[in-house]
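Listed below are the residues making up each chain.
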Amino acid sequence: MINNVAVLDSQPLGEIAMSIRKTLFAVVFGIASMTAAQAEGLRPIEAKSIDLGGVSGIAYYTVERDGFRVVATLAQGEAGTPIRVVSTLAPGQRVVLSTPQPAGAIEISRQGDSVLVRKANTATN
């Protein structure tokens, strides 16, 4: 422990401040990475797989004059009849796709110029 103190005493204050900044940056980046893992961003025309338990499919969006047009195509298994859900989102709006299964809900939301896909918090009856 005395050796560590000696090393700190021999370092200029600028180097210590830089070391503290680098450590804080690493912590902030780590927290941001964990948050990003919960909500995945989507780019225009980029397809995102959706799994709602027994119902699955893909979603994507395009940039339109009226807003971001989100298109989701879902089906139950490989033999199920596909359905298509289309919603145009303005900033701050969202659409929730859900099934009666406990883990079967996805929220697609628009935040500014970004579209996020994440598991939705659903209320139980």
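Residues numbered from 1 in each chain as written. Predicted model: local features only at pLDDT ≥ 70, side-chain atom pairs only at ≥ 80, totals over all residues. Heavy atoms only, no water.

A. Region of the structure containing the overall build of the protein. Secondary structure summary: the protein contains 2 helices and 8 strands in total. The helix and strand sequence of the protein, counted from the amino end, reads α-α-β-β-β-β-β-β-β-β. Within the protein, the proportion of its 125 residues that are buried is 25%. Intrachain contacts of the protein at a sequence separation of at least 6 include 24% that bridge at least 24 residues. A total accessible area of about 9100 Å² is found for the protein, and carbon and sulfur atoms account for 58% of it. (Helix = DSSP H or I, 4+ residues; strand = E, 2+ residues; numbered from the N terminus. Buried < 20%, exposed > 50% of the residue type's maximum accessible area, 1.4 Å probe, protein only. Contact = heavy atoms within 4.5 Å. Areas by Shrake-Rupley, 256 points an atom, 1.4 Å probe, with all protein chains shown as cover.)

B. How the structure looks around the nonpolar core. Formed by 16 residues in total, the largest nonpolar core has its most connected members in Ile50, Leu52, Tyr61, Leu97, Ile106, Ile108 and Val115. Sort the elements by how many residues they give to this core and strand β4 (residues 67-76) lands first, with 4 residues. In this view, Ile50 contacts Val55, Ser56, Gly57, Ile58, Ala59, Ala72, Leu74, Leu97, Ile106 and Ile108; residues no more than four positions away in its chain are not counted. (Core = buried A, V, L, I, M, F, W, Y, C linked by side-chain atoms within 4.5 Å.)

C. Molecular detail of the packing of aromatic side chains. All chains considered together, the criterion is met by 1 aromatic pair. Just above the ring of Phe68 sits the side chain of Arg110; from NZ or CZ to the centre is 3.7 Å. (Phe/Tyr/Trp six-rings, centres within 6.5 Å; stacked < 30°, edge-to-face > 60°. Lys NZ or Arg CZ within 6 Å of the ring centre and 35° of its normal.)

D. View of the side chain of Thr62. Topologically, Thr62 is positioned in strand β3 (residues 55-64). Apart from the residues lying within four places of it in its own chain, the contact partners of Thr62 are Ile45, Gly67, Phe68 and Arg69.

E. Representation of the sheet that holds strand β1 (residues 40-42) within the structure. Pairing in this open sheet of 4 strands is antiparallel, and the strands run β1-β8-β7-β6 from one edge to the other. Here the strands that pair on one side only, and so sit at the sheet edges, are β1 and β6 (94-98). On average, each strand axis in the sheet is tilted by 25° relative to the strand beside it, whichever way the strands run. Pairing of β1 with strand β8 (residues 114-119) involves 3 bridges; the strand directions are antiparallel. Its bridge partner lying in β8, Glu40 is registered against Val117. (Pairing = 2+ DSSP bridges. Axes fitted to C-alpha atoms, helices over the stretch in contact; angles between N-to-C directions.)

Any link to function would need more than the numbers given here.
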